[in-house]
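Fold and geometry: a report
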Amino acid sequence: MTKTIEMQIDKSRSLIQGLRKHLSETGSGATLQELDAMEQAIAALVSASDECDRIRAELAPKMEHLNVLLDKVRTDYAKHKLIIKNNYPKERWIVYGLPDKR
C-alpha cells in the first residue's frame, strides 16, 4: 500500500470514528448511512490497493526479464548495424534495413 493511500485511510477512519462518537452534535451534517458508506469505500480502497500491490509484485520480475531481453536485442542490433555500416557504402544500407545515414 502506498504511503498516500495509507495516510488517507488512517485520516478517513479517524474522522469516521470521531463523527460516530459525536453524531448527535453534527446535526444533519452526517448520517450513519453516510458513515457506513464511507467505511465500505475504505474497505474497497484497501482491497483494490492490496490487489495492486499483488500485481506489482508479479510484474516486477517480468519487467526485469523484459529489460534484459530489450538490452540483448539492442546490443545485437548495434553489433550487426556496425557490420553493415563498416562494410558497405551508405547508399546500400537501405538494402539491409538501415535507413539512417551518417
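See above for the structure.
Residues numbered from 1 in each chain as written. Predicted model: local features only at pLDDT ≥ 70, side-chain atom pairs only at ≥ 80, totals over all residues. Heavy atoms only, no water.

1. A closer look at helix H1 (residues 3-21)
Taking 1.5 Å as the rise per residue, H1 with 19 residues should run 27 Å; its terminal C-alpha atoms sit 27 Å apart, in good agreement. All buried positions along H1 are accounted for by Ile9, Ser12, Ile16 and Leu19. For H1, the angular spread of the buried residues around the axis is 100 degrees, confining them to a single face. Along H1, the residues that are exposed and aim more than 90 degrees away from the buried face are Lys3, Lys11 and Lys21. Where H1 is buried, its residues meet helix H2 (32-87). (Helix = DSSP H or I, 4+ residues; strand = E, 2+ residues; numbered from the N terminus. Expected span 1.5 Å × (residues − 1). Buried < 20%, exposed > 50% of the residue type's maximum accessible area, 1.4 Å probe, protein only. Arc of directions from axis to C-beta. Contact = heavy atoms within 4.5 Å.)

2. Focus: the nonpolar core
Residues Ile9, Ile16, Leu19, Leu35 and Ile42 constitute the largest nonpolar core, which totals five residues. When residues of this core are traced back to their parent elements, those giving at least two are H1 and H2. No other element matches the three residues that H1 contributes to this core. Beyond its immediate sequence surroundings of up to four residues, Ile42 is in contact with Ile9, Ser12, Arg13 and Ile16. (Core = buried A, V, L, I, M, F, W, Y, C linked by side-chain atoms within 4.5 Å.)

3. Points about the packing of aromatic side chains
Counting across every chain of the model gives one aromatic pair. Ring geometry for Tyr88 and Tyr96: centres 4.8 Å apart, planes at 35 degrees, overall tilted. Look at Tyr88 and you get partly exposed, because its relative accessible area is 30%. Residue classification places Tyr96 among the partly exposed residues on the basis of a relative accessible area of 36%. (Phe/Tyr/Trp six-rings, centres within 6.5 Å; stacked < 30°, edge-to-face > 60°.)

4. Considering H2
With 56 residues, H2 extends 79 Å between its outermost C-alpha atoms, agreeing within 8% with the 82 Å of an ideal straight helix rising 1.5 Å per residue. The largest bend in H2 amounts to roughly 30 degrees and is located at Leu59, with the proline Pro61 lying one to four residues further along. Taken together, the buried positions of H2 are Leu35, Ile42, Ser49, Ile84 and Lys85. (Bend = angle between axes of the 7 residues up to and from the residue.)

5. What about the pattern of salt bridges?
Taken as a whole and judged by the stated rule, the model has six salt bridges. The partner of Glu51 in a salt bridge is Arg54, and the shortest N-O contact between them spans 4.0 Å. With a gap of three residues between them, Glu51 and Arg54 both fall in helix H2, about one helical turn apart. Residues participating in the shared-partner salt-bridge network are Arg20, Asp36 and Glu39. (Salt bridge = Lys/Arg side-chain N within 4 Å of Asp/Glu carboxyl O.)

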